[in-house]
Amino acid sequence: MFESLGNRLQTVFDNLQRRGKLTEADVDAAMREVRLALLEADVNYKVVKGFVARVRERAVGHEVMRSLTPGQQVVKIVHDELVTTLGEPGRLNLGAQSPAVIMLVGLQGAGKTTMAAKLALFLRKQGRRPLLVAADVYRPAAIDQLETLGRQLEIPVYSEGPDADPVKVAGNAVKQAVSSGATTVIIDTAGRLNIDEMMMGEIKAIRAKVDPIEMLLVADAMTGQEAVRVATDFDNAVDISGLIMTKVDGDARGGAAISMREVTGVPIKFLGTGEKLNAIEVFHPDRLVNRILGMGDVMSLIEKAQEEMDQEEAQKAGERLMSGEFNLEDFLSQMQ
């Protein structure tokens with residue numbers, strides 16, 4: 001989703017790096033292009049203004065003007081400031097209490113139900129015992145969807161049917177978790193097409209009933225500036241503790257992800273990177289910036305490989321490679 005922004009910025013940096021020496025006018029011209037690229041990528045205009053001002057202040061200082069490689073120094077400054085804008089990586093807080101209750105909130109269509117299942121799978125890999133809770137009693141087939149995903153993953157789902165009271169469902173689910181030994185409860189709450197008092201009232205009532213340790217807003221990255229507004233509204237109303245950006249594998253302009261942390265002050269904790277149930281990544285600002293600036297993201301690739309590849313098989317392949325016996329079948333296996 002950041003391909004277009006990355007290409008625009010790369011062009012700016014290529015022009016800078018061709019110059020042996022940078023003048024203030026060169027920096028100003030580059031900053032105009034950076035500003036346009038960010039605005040076209042749907043980054044909030046206030047965020048863009050602050051970002052460009054910080055980069056320019058550093059770029060016309062001694063660290064760049066007296067550098068042997070001024071173009072590369074500007075790239076480093078843009079990299080550092082993008083990481084700062086995206087904020088410190090927010091980690092899931094599961095605390096000492098058991099079960100730890102996580103509430104997922106957000107508008108309809110953002111991918112909450114699927115994300116609940118992805119998060120449950122992610123936590124199970126961390127050694128937790130999750131229980132999924134179907135508290136969306138309004139959307140047709142929401143309960144069926146969560147139960148189907150639960151069966152696929154062999155993760156228990158608590159539901160009381162489409163006519164149940166969501167607040168009671170959430171309360172009873174926590175009791176069920178205690179009696180069954182589940183260590184994490186993930187509550188899939190109802191979404192609406194837009195934010196309304198009834199929706200917020202219900203979320204507040206569920207929160208009061210179950211006292212969640214995490215209140216995570218699931219936001220659709222493809223909605224651009226609207227996602228920033230939704231995050232701000234939810235944070236003002238129910239004090240969210242973190243963000244999950246979904247559909248970052250799409251071809252949207254990506255600016256919402258850059259804006260949301262700065263505008264709301266709430267950390268992004270996960271990215272939904274595809275439709276498969278293992279397509280969830282812990283958010284690392286530096287890695288995302290490396291992708292945007294065309295520097296690659298080797299660490300995420302390595303982690304993905306470690307997750308998918310049998311370590312014993314990898315060890316054997318390494319030994320075959322060192323002894324000169326590595327063949328095309330081994331290569332095919334690694335590619336798969």
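Refer to the structure presented above.
Quick caveat, the model's predicted, so the values are computed rather than measured.

### What about the sheet that holds strand β2 (residues 130–134)?
- Here we have 8 strands laid out as an open sheet, ordered β3-β2-β4-β1-β5-β6-β7-β8, and mixed in their pairing. Only two strands of the sheet have a single partner each, and these edge strands are β3 (157–158) and β8 (280–282).
- As paired strands, strand β5 (residues 214–220) and strand β6 (residues 242–246) are joined by 5 bridges and run parallel to one another. Across the sheet, the residue bridging to L217 is L243, located in β6.
- Together, β1 (100–105), β4 (184–188) and β5 form the strand contacts of helix α9 (residues 197–210), whose direction differs from that of β1 by roughly 175°.

### Observations regarding the nonpolar core
- Counting 75 residues, the largest nonpolar core has L5, I187, I203, F234, I240, M245 and M260 as its most contacted members.
- If near-sequence neighbours (up to four positions away) are discounted, I203 is found in contact with M103, V105, M215, F234 and V238.
- In this structure, L104, A120, L149 and I244 belong to the second largest nonpolar core, which totals 28 residues.

### Details of empty space enclosed by the protein
- This model, assessed by the stated rule, comprises 2 cavities of 30 Å³ or more.
- Of the voids in this model, the second largest cavity is the one considered here, and its volume is about 40 Å³.
- In this structure, the second largest cavity is lined by L38, V43, V47, F51, L82, T85 and I258.
- Counting only elements with at least two residues in the lining of the second largest cavity, the list comes to α3 (45–59) and α5 (70–86).
- Counted by class, the lining of the second largest cavity contains 6 nonpolar, 1 polar and no charged residues.

### A short note on the environment of T184
- On the secondary structure map, T184 appears in strand β4.
- The exposure class of T184 is buried, given its relative accessible area of 0%.
- Residues T184 and L328 lie 144 residues apart in sequence; the distance between their C-alpha atoms is 44 Å.

About the thresholds
Residues numbered from 1 in each chain as written. Predicted model: local features only at pLDDT ≥ 70, side-chain atom pairs only at ≥ 80, totals over all residues. Heavy atoms only, no water. Pairing = 2+ DSSP bridges. Helix = DSSP H or I, 4+ residues; strand = E, 2+ residues; numbered from the N terminus. Contact = heavy atoms within 4.5 Å. Axes fitted to C-alpha atoms, helices over the stretch in contact; angles between N-to-C directions. Core = buried A, V, L, I, M, F, W, Y, C linked by side-chain atoms within 4.5 Å. Buried < 20%, exposed > 50% of the residue type's maximum accessible area, 1.4 Å probe, protein only. 1 Å grid on protein atoms, 1.4 Å probe; cavity = no way out; pocket = protein on both sides within 12 Å on 5 of 7 lines; lining within 4 Å. Points joined across faces, edges and corners; volume = space filled by probe spheres on them. Nonpolar A, V, L, I, M, F, W, Y, C, P; charged D, E, K, R; others polar.

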